[in-house]
Amino acid sequence: MTLINQDTKLCDIILQEPSTITVLDRFGISLGVGDMRIDDACHERGIDVNFFTTILNTYINENYFPQTALLAFSASKIIDYLAKTNEYYEKNVIPNIERHFAFLISKTPAQNSNLVLMRQFFDEVKTELLQRIEYDRNKWFPTIALNEYKSVGKMPNAVKDVKDFNDPIEEKIDDLINMLIVHLKGDYDHNLGYAVIFAIFSLKKDIKQNNRIRNRILMPISQALTQ
Amino acid sequence: MMSDYKVIILTSDTLNAIGLRSIFEAAFGISAYIADEHYIDSFSTTKEPHLFFVDSKTLVANLGFFLPRKAKTVLLTYDHNPYDDFQTLCVGDNESDIINAINSFLTGGHDEDNSTTNSLSQREIEVLRLIASGKINKEIAQELNISINTVLTHRKNLTAKLGIKSISGLTFYAMMNGIV
């Protein structure tokens, strides 16, 4: 998909890349977008157009990552976006996957213990993800916000150590997907099984994209702010 | 034992081929064989080599040959971009890095019997069982009386064969398959 800009229509973005629905939701935009352009939608809601298009482009195109542009945004904007992302995982994605798993298991013959084990594995991923969200909310985000407040006017330009981390949560989600796709055995309701895998895939994509923002943008900003 | 080790170099870059052959000779005492373009056509499986070094052109032209042998194929590259399917060796690296890399290919390629299939070897199943029971590499090495490096190789192969990286993923896999 080509890069979106302030003149792009919201409906065109969604039609081309439906997974952006949940990203738009984090900015308070829900379905029924009419023929509104990004510019107008942002203006109406008091959203920084630049930030909005950068986040969406980063989300849509794996290879697009305008580090300099992203590092120039205020930490509070990025925190706000990531906090909404966390909330979305907590309130929508995780319950959704659990619901699909519960359905699938309720329709699966009892002798197939495979899926029960996979659900247990997902529970582990869930616990870890919720712990991280908790830590973000109570510790990491407030600390960054406080440091940013203290250093008003002297935005850190000494940002360094920008790198990707091996995220154990992302790794486990990959494992879970592999186990479902490669190693699933026995009888199960195919349709319900596909619902589980699609739900996990969309979580994986979202986490992967947002890890890039966490690790390559917020992490270096937070380190620079404490120096 | 190393003198039995059969290494084939398939590249149209003559200098790379000769350089690689002399590193094998000098650092490992292995006489690597520089093959010509007819090598693959007249290949006979009775003397299956242990390791192939190929350039990207040869690899792409003979994917059908190399894909089933990907565990023992090393792609010669000019950069450090990782390739999903094949291990790589960057010809621009300095000598000691190249020797280290070759060393890891040599130690990594021991499980030849299983390298072309995805089923786990008996040893890999044992390692998996110990991982699943919460043992760390050092304990696994002691229990099976092997070196930590060998444990790491087994783990690498487990991950490659199963597509599962995390310890909990491996543990659940072991449970699903009655290994623990």
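Above this text is the structure in question.
Residues numbered from 1 in each chain as written. Chains lettered and ligands numbered in written order. Predicted model: local features only at pLDDT ≥ 70, side-chain atom pairs only at ≥ 80, totals over all residues.

A. Summary view of the overall build of chain B. A count of helical and extended segments in chain B gives eight helices and five strands. Ordering the α and β elements of chain B from the N terminus gives β-α-β-β-α-α-β-β-α-α-α-α-α. Every one of the 180 residues in chain B was classed for burial, and the buried ones make up 26%. Taking as baseline every contact in chain B between residues at least 6 positions apart, the subset at least 24 positions apart corresponds to 52%. (Helix = DSSP H or I, 4+ residues; strand = E, 2+ residues; numbered from the N terminus. Buried ≥ 20, exposed ≤ 12 C-beta atoms within 10 Å, placed from the backbone. Contact = placed C-beta atoms within 7 Å.)

B. Highlighting the pairing of strand β4 (residues 73-77) of chain B. Residue and element names in this part refer to chain B. Of all five residues that make up β4, four are buried, and the element is covered over most of its length. The pairing of strand β3 (residues 51-55) with β4 spans four bridges and is classified as parallel. Across the sheet, residue F53 finds its bridge partner in β4, namely V74. Two strands pair when backbone bridges link them, and β4 and strand β5 (residues 87-90) are joined in this way by four bridges, in the parallel orientation. By the bridge assignment, L76 is partnered in β5 with L89. (Pairing = 2+ DSSP bridges.)

C. Examining the pairing of strand β1 (residues 7-10) of chain B more closely. Residue and element names in this part refer to chain B. Both β1 and β3 contribute to a ladder of four bridges, which runs parallel. Bridge pairing in β3 links L10 to V54. In this structure, β1 lies alongside strand β2 (residues 33-34), joined through two bridges in parallel fashion. Directly across from I8, in β2, lies its bridge partner Y33. Considered for its hand, the β-α-β crossover made up of β1, helix α1 (residues 14-28) and β2 is right-handed. (Right-handed = clockwise from strand over helix to strand, strands pointing away.)

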